[in-house]
Amino acid sequence: MLQEFKLFNGSLENIDHSKKLITTLNAHSFNTLKKDSFFRDALKSSDMLLPDGISIVLALRLLIGKKLKKIAGDDLFRYEMERAHTIEGKCFFLGSSEKTLKLIREKAEKEYPRLKIYSYSPPYKPEFSEEESQNMIDAVNEVEPDVLFIGMTAPKQEKWAYKYFPQLNAGHICCIGAVFDFYAGTVKRAPNWMISAGMEWFYRLVKEPKRMWRRYIIGNTLFIKHILNEKLINIYNYQNNKPNVILHDMQ
């Protein structure tokens, strides 16, 4: 159930700088965790789980009347880059192609001149071998970055970060997926007015219908079904004086 997840509901500035796993939750990832228990564990065990998507914000309001502020992966990325730049720190981009990483480095070097930027492009495959994962860990640990950005799409990135979290020597470990492409300019993000209106999903659907139709048309319908079912369970429990599921007081 969605209300089992402890979603962050504060300011990014209030997150202390110690080592943390920071992930995001949207309708697509919620649908995915229903059939992937390890992904579910990864999100529930995150130090910070951000409500990334208007669907999550509206769903929590329907279920428990809780008002959340949407915090997208791009919001997290911008904050972390500014934070690391201010302290003249180090950031590491793990994921994507070398071509995309080159574009990221070139842009970031201009926008954040006091920030030391590192990157590593892992093999493009569904799962990594232990040797490949160790190579990635070694590359990160050699730098010991203040912030590690992982961009390998969900649920792959979250599962990898969760599995190897104890071995990674980094500050904030942020799973931000498509933000790599948005920042590099290889994929155009929706206009600000569409983002503010909660219509970014529609923009991506129109731009990439062959790739996104299943995620947004079928996926969003499935998400609504899950939420309505959860709401009915809450109503039933209330009417029958049964203990409801645990509702976390969100930070």
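The shown structure was predicted, so the numbers you read here are calculated from the model rather than taken from an experiment.

1. Thoughts on the sheet that holds strand β4 (residues 116-120)
Point 1. An order of β2-β1-β6-β5-β3-β4 is seen for the six strands of this open sheet, with the pairing classed as parallel. If you trace the sheet from one side to the other, it starts and ends with β2 (48-51) and β4, each paired once. The mean inter-strand angle of the sheet, taken between neighbouring strand axes irrespective of direction, is 20°.
Point 2. Here strand β3 (residues 90-95) runs beside strand β5 (residues 147-151); their pairing, made up of five bridges, is parallel. Bridge pairing in β5 places Cys91 opposite Val147.
Point 3. Each of β1 (20-25), β2, β3, β5 and β6 (172-175) touches helix α4 (residues 73-86); the most contacted strand, β5, lies at about 150° to it.

2. Looking at the packing of helix α6 (residues 130-143) against helix α7 (residues 156-164)
Point 1. Orientation of α6 relative to α7, taken along the N-to-C sense of each, is 75°, at an axis distance of 12 Å. Viewed along their axes, α6 and α7 adopt a mutual orientation that is roughly perpendicular. Along the contact surface, α6 presents Glu130, Ser133, Met136 and Ile137, while α7 presents Trp160, Lys163 and Tyr164.
Point 2. Of the residues contributing to the contact of α6 with α7, the split by class is four nonpolar, one polar and two charged.

3. Here we look at unusual backbone geometry
Point 1. In this chain, Ala154 is followed by Pro155 through a cis amide linkage whose omega measures 5°.
Point 2. Along the chain, the position of Pro155 falls in the loop between β5 and α7.
Point 3. Within the chain, Glu88 stands out as a residue other than glycine whose phi angle is a positive 55°.
Point 4. Mapped onto the secondary structure, Glu88 falls in the loop between α4 and β3.
Point 5. When its relative accessible area of 46% is taken as the criterion, Glu88 is described as partly exposed.
Point 6. One non-glycine residue with positive phi stands out, namely Thr153, at about 70°.
Point 7. Its place among the elements puts Thr153 in the loop between β5 and α7.
Point 8. Using a relative accessible area of 52% as the deciding quantity, one classes Thr153 as exposed.

4. Some points on helix α5 (residues 98-111)
Point 1. Along its 14 residues, α5 runs 20 Å from first to last C-alpha, staying within 8% of the 20 Å computed at 1.5 Å per residue.
Point 2. Buried residues of α5: Thr100, Leu101, Ile104 and Ala108, and no others. In a view along the axis of α5, the buried residues occupy a sector of 95°, so they form one face of it. The outward face of α5, more than 90 degrees from its buried face, is lined by the exposed residues Lys99 and Lys110.
Point 3. The secondary structure elements touched by the buried residues of α5 are α4, β3, β4 and α8 (179-184).

5. A look at the packing of aromatic side chains
Centre-to-centre distance and the angle between the planes together describe a pair of aromatic rings.
Point 1. Enumeration according to the criterion identifies ten aromatic pairs in this entry.
Point 2. A ring pair is formed by Phe93 and Phe180, whose centres lie 5.5 Å apart and whose planes are at 75°; its orientation type is edge-to-face. Remark: Phe180 occurs in helix α8 and Phe93 occurs in strand β3; sequence separation between them is 87 residues.
Point 3. For Phe93, a relative accessible area of 1% puts it in the buried group.
Point 4. Look at Phe180 and you get buried, because its relative accessible area is 2%.
Point 5. Ring plane angle 45° and centroid distance 5.1 Å describe the contact between Trp160 and Tyr164, whose orientation is recorded as tilted. Of the two residues, Trp160 and Tyr164 both sit in helix α7, four residues apart, roughly one turn of that helix. When sorted by exposure, Trp160 lands in the same class as Tyr164, which is buried.
Point 6. Among the aromatic side chains, those forming a connected cluster through ring pairs are Phe77, Phe93, Phe149, Phe180 and Tyr183.
Point 7. A cation sits over an aromatic face here: Lys19 above Phe165, 4.3 Å from the ring centre.
Point 8. The ring of Phe5 has Lys44 lying over it, and the distance from NZ or CZ to the ring centre is 5.6 Å.

Rules and cut-offs
- Each chain has its residues counted from 1, following the order in which its sequence is written.
- Local features are withheld for residues below a pLDDT of 70 in this predicted model, meaning they are given only at 70 or higher, and side-chain atom pairs are given and counted only at 80 or more; totals for whole chains, interfaces and linings count all residues.
- Hydrogens and water molecules were not included; the side-chain quantities draw on all heavy atoms of the structure.
- Note: two strands are recorded as paired if DSSP finds a minimum of 2 bridges between them.
- By definition, any uninterrupted DSSP run of H or I lasting at least four residues is a helix, any uninterrupted run of E lasting at least two residues is a strand, and each is numbered from the N terminus.
- Simply put, an axis is a line fit to the C-alpha atoms, just over the touching stretch for a helix, and the angle between two N-to-C directions goes from 0 to 180 degrees.
- Note on contacts: a residue pair is in contact if any heavy atoms of the two residues lie within 4.5 Å.
- Every angle not falling under 35 degrees, over 145, or within 65 to 115 is termed oblique; those three ranges are roughly parallel, roughly antiparallel and roughly perpendicular.
- The classification used treats Ala, Val, Leu, Ile, Met, Phe, Trp, Tyr, Cys and Pro as nonpolar, Asp, Glu, Lys and Arg as charged, and all other residues, Gly among them, as polar.
- Only protein chains enter the area calculation, which uses a 1.4 Å probe; residues under 20% of their type maximum are buried, those over 50% are exposed, and those in between are partly exposed.
- Residue count minus one, scaled by 1.5 Å, sets the expected span of a helix.
- This arc corresponds to the set of directions leading from the helix axis out to the C-beta atoms.
- Planes of paired rings set the category: under 30 degrees apart is stacked, over 60 is edge-to-face and the rest tilted, where pairs are Phe, Tyr or Trp rings (Trp by its six-membered ring) whose centres lie within 6.5 Å.
- Geometrically, a lysine NZ or arginine CZ counts as sitting over a ring once it is within 6 Å of the ring centre and also within 35 degrees of the ring normal.

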